[in-house]
Amino acid sequence: MLICPICHTDLVLCGKSYICQHRHSYDLSKDGYVNLHVVQHKNSHNAGDTTVSVQSRRRFLAGGFYAPLQDKIGQIMSDLSPDTVLDIGCGEGYYTSVLAHHSRRVIGLDIAKTAIITASKTYKNQLSGKNITWVVGTGAILPVAQNSVDICTSFFSPLPKGQMLNVLKSDGYLLMATPAPQHLYAMRQRLFDRVNPHNPTKFINELAPEFRLINEWQISHAMILDSQNLTDLMNMTPYAYKAKLDKKTALKSENNFHVTAAFCVYLFKKV
């Protein structure tokens, strides 16, 4: 499924390296990931999420606060029973791990090397990690073979429409999750003077006509967060740099903060 990011020919795993027919070689790390984000495609030295953001997200998600969303994703995948899945913007692998329970092969791809390192170490010795290939790469130029993927997934991550159409099979699917209008509304009220509801339906229009919406789900649940949870949640979202320092500091002092998580999950089919 993987292709060389330089010459776009198939990569074959030979020992501990992925090699293409033109002898471009990419080493497999001891933790099981491969870096296919070549210098020709880099716009910055440290692309994607920071180490602080990745570790904050890992702690927050490990606390089970977004477990209802992970469970729903697992249910959908169980019904679809795909052979191959590409998780774009997989981060530290929280959702990727559940994808692996319901498919033969999963590629977890993220531009942030620190995220992929965390994911590969976290799931290296778990059953759900055995059929996952962790890849440092960019969604702008997916290092994945044409017409090789049953389902592309993107959870709060970019949607490279053209690239997804290229790698998906003719009957392929796109499964995505995005914040619902009232997601973390109470938290945003504390951090910003003006709160604009999220607009998840914009993606339906942006993905048409090449992708047709065939199902959707709304997930909402209440959370009670302490100071550490609030700090991690802020650090894993754009609020970390968009909100003013005094507002963030005041919110971090809370130890019994009530807020609702709300998500929209969309399943599209390639037309």
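Reading guide: rules and limits
- Residues numbered from 1 in each chain as written.
- Predicted model: local features only at pLDDT ≥ 70, side-chain atom pairs only at ≥ 80, totals over all residues.
- Heavy atoms only, no water.
- Helix = DSSP H or I, 4+ residues; strand = E, 2+ residues; numbered from the N terminus.
- Rg over C-alpha atoms; globule rule 2.2 N^0.38 Å.
- Contact = heavy atoms within 4.5 Å.
- Areas by Shrake-Rupley, 256 points an atom, 1.4 Å probe, with all protein chains shown as cover.
- Lys, Arg positive; Asp, Glu negative; His and termini not counted.
- Charge placed at Lys NZ, Arg CZ, Asp CG, Glu CD.
- Salt bridge = Lys/Arg side-chain N within 4 Å of Asp/Glu carboxyl O.
- Buried < 20%, exposed > 50% of the residue type's maximum accessible area, 1.4 Å probe, protein only.
- Phe/Tyr/Trp six-rings, centres within 6.5 Å; stacked < 30°, edge-to-face > 60°.
- Lys NZ or Arg CZ within 6 Å of the ring centre and 35° of its normal.
- Core = buried A, V, L, I, M, F, W, Y, C linked by side-chain atoms within 4.5 Å.
- 1 Å grid on protein atoms, 1.4 Å probe; cavity = no way out; pocket = protein on both sides within 12 Å on 5 of 7 lines; lining within 4 Å.
- Points joined across faces, edges and corners; volume = space filled by probe spheres on them.
- Nonpolar A, V, L, I, M, F, W, Y, C, P; charged D, E, K, R; others polar.

**Student:** An account of the overall build of the chain is requested, with residue identities and associated values reported.
**Tutor:** Within the chain, the regular secondary structure consists of 10 helices and 11 strands. The globule rule puts the C-alpha radius of gyration for 271 residues at 18 Å, and the 19 Å found for the chain is close to it. When its C-alpha atoms are laid out on the principal axes, the chain stretches across 55 × 40 × 35 Å. Nonlocal contacts in the chain, meaning residues at least 24 apart in sequence, comprise 69% of its contacts between residues at least 6 apart. Carbon and sulfur atoms make up 50% of the accessible area of the chain, which amounts to about 12600 Å² in all. Once the 28 positive and 20 negative side-chain charges of the chain are each reduced to a mean point, those two points are 4 Å apart.

**Student:** Give me the pattern of salt bridges: which residues, what numbers.
**Tutor:** Considering all chains together, one arrives at 9 salt bridges under this definition. Note that Glu254 and Arg190 form a salt bridge whose closest N and O atoms lie 3.0 Å from each other. Highlighted residues: Glu254 in the loop between α10 (245–252) and β11 (257–270) and Arg190 in helix α6 (residues 185–191), separated in sequence by 64 residues. What makes Glu254 partly exposed here is its relative accessible area of 26%. Under the relative-accessibility criterion, Arg190 is labelled partly exposed at 32%. Note that Asp193 is salt-bridged to Lys247, the shortest N-O span being 3.4 Å. Of this pair, Asp193 sits in the loop between α6 and α7 (202–207) while Lys247 sits in helix α10, and the two are 54 residues apart along the sequence.

**Student:** Outline the packing of aromatic side chains, listing residues and values.
**Tutor:** The description of an aromatic ring pair rests on the distance of the ring centres and on the angle between the ring planes. Applying the stated criterion to the full structure yields 10 aromatic pairs. Judged by centre distance (6.1 Å) and plane angle (70°), the ring pair of Tyr266 and Phe268 falls under edge-to-face. Neither Tyr266 nor Phe268 differs from the other in exposure class; each is buried. Each residue in the set Phe60, Phe65, Tyr66, Tyr94, Tyr95, Phe155, Phe156 and Phe263 is aromatic and connected to the rest through ring pairs, giving one cluster. Its end group placed over the ring of Tyr173, Lys269 keeps NZ or CZ at 4.2 Å from the ring centre.

**Student:** Please give an account of the nonpolar core that cites residues and values.
**Tutor:** In a soluble, globular protein the nonpolar side chains are often hidden away together inside. By size, the foremost hydrophobic cluster in this structure holds 47 residues, and its most contacted members are Phe60, Tyr66, Ile73, Leu175, Met187 and Met223. Per-element tally for this core: the top contributor is β11, with 6 residues. The contact partners of Met187, leaving out residues within four places of it in the chain, are Leu230, Leu233, Met234, Tyr239, Leu251, Phe257 and Val259. If you look at the next biggest cluster of nonpolar residues, it comprises 32 residues, including Val34, Leu36, Ala180 and Cys264.

**Student:** An account of the layout of surface pockets is requested, with residue identities and associated values reported.
**Tutor:** If you add up the space inside the largest pocket, you get close to 1200 Å³. Every residue lining the largest pocket is counted, 47 residues in all, and those nearest its centre are Arg57, Phe155, Phe156, Ser157 and Met236. Elements represented by at least two residues in the lining of the largest pocket include exactly α1 (51–62), β5 (84–88), α3 (94–99), β6 (105–110), β9 (168–179) and α9 (239–242). For the lining of the largest pocket, the per-class residue count stands at 25 nonpolar, 15 polar and 7 charged.

Purely spatial values, then, with no claim about function.
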